[in-house]
Amino acid sequence: MKTLFACASALVLLTAAQAAPAQSQPEVAYNIGVVSDYVFRGFSQSDEDLALQGGIDVGVNGLYGGIWGSTVDFGDGTDGEVDLYAGYRTQLSGFDVDIGAVAYLYVGQPGAADYDYVELKLAASRAVGPVTVGVVTYYSPDFFGVDEEAFYGEVKSSYALTPSLTASGALGHQSLDVNDDYATWNVGLTYAFPSLFSLDVRYHDTDTTGPLGEERVVAMISAAF
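Residues numbered from 1 in each chain as written. Predicted model: local features only at pLDDT ≥ 70, side-chain atom pairs only at ≥ 80, totals over all residues. Heavy atoms only, no water.

Participant: Run through the overall build of the protein chain, naming residues and quoting values.
Facilitator: Tallying secondary structure elements over the protein chain gives one helix and 14 strands in all. Residues classed as buried in the protein chain amount to 34% of the 225 residues present. Looking at the protein chain alone, contacts between residues at least 24 apart form 44% of all its contacts between residues at least 6 apart. As displayed, the protein chain offers around 12,300 Å² of accessible surface, 64% of which is attributable to carbon and sulfur atoms. (Helix = DSSP H or I, 4+ residues; strand = E, 2+ residues; numbered from the N terminus. Buried < 20%, exposed > 50% of the residue type's maximum accessible area, 1.4 Å probe, protein only. Contact = heavy atoms within 4.5 Å. Areas by Shrake-Rupley, 256 points an atom, 1.4 Å probe, with all protein chains shown as cover.)

Written out as structure tokens, the structure reads:
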């Protein structure tokens, strides 16, 4: 299954590369940020403490790739997450479509752990005036070293209240073959300052029990350039 998944990912990216016209100058973007609690699909990845994050993105004619990292705290010596991703973005019948793959790698994980995993991503969104609505789904053949297969689907929307202030929210469902499935949701406001900085304040919750999946409000300040 892992071999088939890798081949499918490679085929998607190769097809995108052949379809994209040549362009000599790629676009490069950087981002850095501090978040009061790193929350991923409703669960704290930093033991409810602040995390430092940052990444680099490169794009050319719809093709993109990048690397993103964050500090984490799983209570077992794991202290960092590094994501490698690549894909292709295009437009189809008025929708923005994104096909790609993400590799999640964990720094300092115990020798017996097998946290590293890969997901295949398919997303589509459409903007109508100040409103943007989208859906995204992820598939992993080996999720976080525990579940052999996992699917995650999410519906999300954003509304530009002003040129600087945006309200957004999402409703997601994580499907697992070993652990229990669960739902997660978030809603928040993002304010873009006149400079490079932005502030996001967001409410997260899940339908699970346990302290790391409880409701919480998270603040993040970031810069993109």
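Participant: Residues and numbers for the sheet that holds strand 12 (residues 182-192), please.
Facilitator: The strand order around the closed barrel built from 12 strands is 1-4-5-6-7-8-9-10-11-12-13-14, with neighbouring strands paired in antiparallel fashion. Ignoring which end each strand starts from, the neighbouring axes of this sheet average 20 degrees apart. (Pairing = 2+ DSSP bridges. Axes fitted to C-alpha atoms, helices over the stretch in contact; angles between N-to-C directions.)

Participant: I'd like a description of the pairing of strand 6 (residues 80-92), backed by residues and values.
Facilitator: In this sheet, strand 6 lies alongside strand 5 (residues 63-71) in antiparallel orientation, the contact comprising nine bridges. Looking at the pairing, serine 70 lines up with glutamate 81 of strand 6. For strand 6 and strand 7 (residues 95-107), the ladder comprises 13 bridges, and the chain directions are antiparallel. Within the sheet, the bridge partner assigned to glutamate 81 lies in strand 7 and is tyrosine 106. Remark: two residues form the turn of the hairpin made by strand 6 and strand 7, two consecutive strands paired antiparallel; serine 93 in that turn has positive phi of roughly 55 degrees.

Participant: How would you explain the nonpolar core if you had to name every residue and give the values?
Facilitator: Residues Tyr38 and Tyr104 are the most contacted members of the largest nonpolar core, which totals 21 residues. Residue assignment for this core shows that the elements contributing at least two residues are strand 5, strand 7, strand 8 (117-128), strand 9 (131-140) and strand 10 (150-160). Element by element, the count of residues in this core is highest for strand 7, at three residues. Excluding anything up to four places from it in sequence, tyrosine 38 contacts Phe43, Ser44, Gln45, Ser46, Asp49, Ala51, Gln53, Trp68, Ser70, Thr71, Val72 and Glu81. (Core = buried A, V, L, I, M, F, W, Y, C linked by side-chain atoms within 4.5 Å.)

Participant: For unusual backbone geometry, give the residues involved together with the corresponding values.
Facilitator: For arginine 41, which is not glycine, the phi dihedral falls at a positive 55 degrees. Although it is not a glycine, asparagine 61 sits at a positive phi angle of roughly 50 degrees. Along the chain, asparagine 61 turns up in the loop between strand 4 (51-60) and strand 5.

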